[in-house]
Structures are given as C-alpha cells and as structure tokens.
Amino acid sequence: MKIGASTILHRDRRLDRDLFREFQEAGIESLELTDYHPDFDYDELGAFADLRSAIVDLSLHLNSLHIHLEIFNDYDLATLDDEQREKTLTAYRQAVDVMDALGGGILVTHHIQIPEPDDARHTEKRAAYIRNLGAVARYAAPKTVSFAVENTPRGYTRDPSRLVELIADLNESNVGVVIDTGHRNILGDPVEALRIAGHHLMTLHLHDNHGEEDEHLLPGRADIDWDGVVGALDEIGYSGVFMYELNRSEDLTEIRSNAEQLLGSFTDC
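In this report, the structure presented in the accompanying data block is examined.

One non-glycine residue, Ser59, lies in positive phi territory at about 55°. Topologically, Ser59 is positioned in the loop between helix H2 (45-57) and strand E3 (61-66). Backbone geometry at Thr144 places phi at a positive 55°, although glycine is not the residue there. Residue position: Thr144 is located in the loop between helix H4 (122-140) and strand E5 (145-150).

This is the structure:
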C-alpha cells in the first residue's frame, strides 16, 4: 500500500517541483493536490502538464486532486436552475481536464447541496445531483479520471450510508467514496464508516481529532481507534493509497514512520 499525503499542509506555498521534492524526501510515495494553493488556476492547463512532469521525474504517484469549486462560486451539482446547472457542469468538466493534464486520477469533492429528507426539495435536488454528477462522470471516464465523494462533519453527507446510497443509485464505475476519518469521528465511528463504504471506498483522508473539532492531527494524537481503522481496511479489501490529510507542515516528516507503525500487520502492505 502506498503511503500518501495531501499538499494541504503546505497550502500557503505554490505547487512546484521543490514542494514535491520535500514530500519525496520525507518518504511520501503518493500525493493529493488541493486547489487551495496560491496561483492555482483551472484555466492554465499547461501549468498542470508541467506539474505532471515534475511528479513523474521524482517518481511520485499522483493519487488525487481535492477540488473546492462550490466554496467561492455559485456552483451546485444539485441545482434545479438550468443556467446554474450549465455553469456548474462547465466548471466540473474543467476540473476533469486539469486532472487529465496531470495524468489522470481521482477528483475528491464534498460539496453536496442536498437538503435533509424532510425538506420539500429533497427528492428533486437529490435526483438532480445524481443526474449532474453522472454527466460529469461520463465526461471524465475516457480521460481515466474518477470522482470520490467525501463525508463531511455536517449536512447531508455527514452519514456515510447516504454516500453509499448515492453512489449505488448513480451506478457509474468511476465514482466512489472517500472516508475522512476526522470528519466521521465528530459524529460517529470511523471504523464503521469504512465498513459501510466497503467496495465503494476509492481513497482516504486520514487524520485524528478528539471528537469535537476538525483538528487534522497526526493519527495517534487523539481519540480514533487506528487499529480498528486498519483492521476495517483489511476487512473490506481496500487497495488504494493510505492518504494523510494533515494541517501542520511540521508533521510531514513524521508521516512515513506513523504509517509504517499503523500498517505493520496489513496484509497487502
């Protein structure tokens, strides 16, 4: 199993060869990029081809790109408005093109504006989300780009069973689930969340907390049952990247040893 880390712990720096080399020298094998970095521009496909070259030259594996298209824009994959739908689909297709320029991989997203089941708009917006993500997924499939939908600490996607039901109803082979252990620990049991995700689990966001705030701590520094997490991954036959998502840049050099300790008995390690 490859040991991975999100570049979010250096979100204040530009994505470039020097940054990737620091991850490589820390023993990281696989990367998740994020669009939080300075000068990240979805319009500059040439820049992403250059990043791909740097990643390949350093013998790193690119697992994923965490996209946040709906934070600062009027996008909504669950929209019922035709104009907003077209703007949203255009933006998501552009993200697919960026991932394609990077060499393919997983686009991670957690912006799902589906209201609760008791809301009058729930059925329509849930259906719209499935229809719209399906359209983007079909655009992405020939480019070897996948989507992983993430559980959140609030809102509709706080319940991992809802994610699995969405993915099952969508029924696209390049759409799956990412379980964020810290998000789930605020509301429930990350170990059980992994079991619920089962074969739909495409990638991970691994970090720890004390069950109250999204602290993004190195595993073992708070309350999560990491033996249980690794056991659940083994139980469901997970074969993806052991991907860390931490906040503190100084933790980068500790990820490798932390992962080796946690994964000591994993059957596929």
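Within strand E4 (residues 105-109), five of the five residues are buried, which leaves the element mostly enclosed by the surrounding structure. Pairing geometry for E3 and E4, over three bridges, is parallel. Paired with His66 across the two strands is Val108, which belongs to E4. One crossover worth recording links E3 to the parallel E4 by way of helix H3 (residues 82-101), and it is right-handed. Strand direction decides the pairing type here: E4 and E5, joined by five bridges, are parallel. Residue Ile106 lies in a different strand from E5, and its bridge partner there is Ser146. After leaving E4, the chain enters H4 and then returns to the sheet as E5, a path that is right-handed.

Turning our attention to the layout of surface pockets. What the largest pocket holds in volume is close to 330 Å³. Surrounding the largest pocket, 22 residues form its lining, His110, Thr152, Pro153, Arg154 and His183 being those nearest its centre. Each residue belonging to the lining of the largest pocket can be placed in one class, and the counts come to six nonpolar, nine polar and seven charged. Computed from the structure, the second largest pocket encloses a volume of approximately 270 Å³. Broken down by element, the residue count for the lining of the second largest pocket peaks at five residues, all from H2. A breakdown of the residues in the lining of the second largest pocket according to their chemical character gives seven nonpolar, one polar and seven charged.

It is the contact of H4 with helix H5 (residues 160-170), at a shortest axis distance of 10 Å, that shows an interaxial angle of 60°. In terms of axis orientation, H4 runs oblique to H5. With respect to the hand of their crossing, H4 and H5 are arranged in right-handed fashion. Residue-level contacts link Arg126, Tyr129, Ile130, Leu133 and Gly134 of H4 to Glu165, Leu166, Asp169 and Leu170 of H5. For the contact of H4 with H5, a count of residues per class yields five nonpolar, one polar and three charged.

What follows deals with helix H1 (residues 17-25). Looking only at H1, the buried set comprises Leu19, Phe20 and Phe23. Buried residues of H1, viewed axially, fall in a sector of 100°; they line one side. Near the N-terminus of H1, the side chain that reaches the backbone nitrogen of Asp18, with its oxygen 3.3 Å away, is that of Asp16. Note on H1: the residue one or two positions beyond its end, Gly27, has a positive phi of about 90°.

Right, let's get into the side chain of Glu150. Positionally, Glu150 belongs in strand E5. Buried and without a salt bridge, Glu150 has Arg154 as its closest oppositely charged side chain, separated by 10 Å. A polar contact of 3.4 Å, which involves the side chain of Glu150, links it to the side chain of His66. With residues up to four places along the chain from it excluded, the contact list for Glu150 reads His66, Val108, Thr109, His110, Thr157, Leu163, Val178, Asp180, His183 and His205.

Attention shifts here to the packing of aromatic side chains. A complete count under the given rule lists three aromatic pairs for this structure. Three or more aromatic residues joined by ring pairs make a cluster, and in this case those are Phe40, Tyr42 and Phe48.

This part takes up the sheet that holds E5. On the basis of which strands lie adjacent, the open sheet formed by eight strands has the order E7-E6-E5-E4-E3-E2-E1-E8 and parallel pairing. In the strand order of this sheet, the two ends are held by strand E7 (201-205) and strand E8 (242-244), each with one partner. Shown here is a sheet whose adjacent strand axes are inclined to one another by a mean of 25°, direction ignored. As paired elements, strand E1 (residues 3-6) and E8 share three bridges and run parallel to each other. By the bridge assignment, Gly4 is partnered in E8 with Met243. On the sheet, H5 packs against E5 and strand E6 (175-180) and is oriented at approximately 170° with respect to E6.

Reading the values: rules and limits
- Residues numbered from 1 in each chain as written.
- Predicted model: local features only at pLDDT ≥ 70, side-chain atom pairs only at ≥ 80, totals over all residues.
- Heavy atoms only, no water.
- Helix = DSSP H or I, 4+ residues; strand = E, 2+ residues; numbered from the N terminus.
- Buried < 20%, exposed > 50% of the residue type's maximum accessible area, 1.4 Å probe, protein only.
- Pairing = 2+ DSSP bridges.
- Right-handed = clockwise from strand over helix to strand, strands pointing away.
- 1 Å grid on protein atoms, 1.4 Å probe; cavity = no way out; pocket = protein on both sides within 12 Å on 5 of 7 lines; lining within 4 Å.
- Points joined across faces, edges and corners; volume = space filled by probe spheres on them.
- Nonpolar A, V, L, I, M, F, W, Y, C, P; charged D, E, K, R; others polar.
- Axes fitted to C-alpha atoms, helices over the stretch in contact; angles between N-to-C directions.
- Parallel < 35°, antiparallel > 145°, perpendicular 65-115°, else oblique.
- Left-handed = near helix turned anticlockwise from the far one by under 90°.
- Contact = heavy atoms within 4.5 Å.
- Arc of directions from axis to C-beta.
- Polar contact = N/O pair within 3.5 Å; in protein donor to acceptor, adjacent residues only side chain to side chain.
- Lys, Arg positive; Asp, Glu negative; His and termini not counted.
- Salt bridge = Lys/Arg side-chain N within 4 Å of Asp/Glu carboxyl O.
- Phe/Tyr/Trp six-rings, centres within 6.5 Å; stacked < 30°, edge-to-face > 60°.

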